[in-house]
Amino acid sequence: DAGVTQSPTHLIKTRGQHVTLRCSPISGHKSVSWYQQVLGQGPQFIFQYYEKEERGRGNFPDRFSARQFPNYSSELNVNALLLGDSALYLCASSGLAGGVQETQYFGPGTRLLVL
Amino acid sequence: AQKVTQAQTEISVVEKEDVTLDCVYETRDTTYYLFWYKQPPSGELVFLIRRNSFDEQNEISGRYSWNFQKSTSSFNFTITASQVVDSAVYFCALRAPLPQDGTYKYIFGTGTRLKVLA
């Protein structure tokens, strides 16, 4: 079975631009979470979506938004890019939001560089 | 507060040596889950193990073993007879509840970079 897929793999943008990152979860998984990983740090939680609803949000500004589609794929949008948004953006899928057996499986990430 | 601390930033060992990666966590919850992930240079986080707070038995999987001790809030990871392919960044994570009931996020440590030299 295919794992979590993300696109694009790499992206270069300039300050002030907008970016959209995409994620397809493991088949059968209904929950998608997004994390930001700055170089040298651990991943930081941005959003969790389950059944197309936002179920949780981390400490990120409103420039960050996301949505989940009927097929459970998800998009992460970042507006008005700043240099500090340069990071690896990871998507994780799990079988049941909040389920006690939930384990998050991660995709390969999208490396975003903001110049 | 919910927190994961990996005090070892980088460890270098020679192939075939044993190595232990430390993880200390903080949580107010009585029920919680801990995880270890491996991140090779490609960037993808690879799931290694999940442990719940009710199960303090140590676990062994091939060359990997995990020592969970609630008394010291530690969940350490040992690689026996390390190999060059073990070179990666290893993250310990704690599942933490979000304000909305039944939802959770993962809190990660800062990771330990393991370099296994041939």
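Refer to the structure above for everything that follows.
Residues numbered from 1 in each chain as written. Chains lettered and ligands numbered in written order. Predicted model: local features only at pLDDT ≥ 70, side-chain atom pairs only at ≥ 80, totals over all residues. Heavy atoms only, no water.

Peer 1: I tried to follow the sheet that holds strand S7 (residues 64-68) of chain A on my own but got confused; where do I start?
Peer 2: Pairing between sheet strands relies on hydrogen bonds along the backbone, with the strands arranged either parallel or antiparallel. Residues and elements named next belong to chain A. Here we have four strands laid out as an open sheet, ordered S1-S3-S8-S7, and antiparallel in their pairing. Every other strand in the sheet has two partners, leaving strand S1 (5-7) and S7 as the edge strands with one partner each. Mean inter-strand twist for the sheet, computed between neighbouring axes without regard to direction, equals 15°. Direction of pairing for S7 relative to strand S8 (residues 74-78): antiparallel, over a ladder of five bridges. Paired with Ser65 across the two strands is Asn77, which belongs to S8. (Pairing = 2+ DSSP bridges. Helix = DSSP H or I, 4+ residues; strand = E, 2+ residues; numbered from the N terminus. Axes fitted to C-alpha atoms, helices over the stretch in contact; angles between N-to-C directions.)

Peer 1: What's the story with the packing of aromatic side chains in this structure? I'm lost.
Peer 2: Two descriptors summarise a pair of aromatic rings, namely the distance from one centre to the other and the angle between the planes of the rings. Going through the model one piece at a time under the given rule, you end up with 23 aromatic pairs over all chains. Aromatic side chains Tyr37 of chain B and Phe108 of chain B sit 5.9 Å apart centroid to centroid with 50° between the ring planes, which places their arrangement in the tilted category. Remark: Phe108 of chain B occurs in strand S11 (residues 104-108) and Tyr37 of chain B occurs in strand S5 (residues 33-39); sequence separation between them is 71 residues. Residues Tyr37 of chain B and Phe108 of chain B agree in their burial class; the two are buried. Pairwise contacts between aromatic rings join Tyr35, Phe45, Tyr105 and Phe106 of chain A together with Phe35, Tyr37, Phe47, Phe91, Tyr106 and Phe108 of chain B into one cluster. Between the NZ or CZ atom of Arg95 of chain B and the centre of the ring of Tyr104 of chain B, over which it lies, the distance is 3.6 Å. (Phe/Tyr/Trp six-rings, centres within 6.5 Å; stacked < 30°, edge-to-face > 60°. Buried < 20%, exposed > 50% of the residue type's maximum accessible area, 1.4 Å probe, protein only. Lys NZ or Arg CZ within 6 Å of the ring centre and 35° of its normal.)

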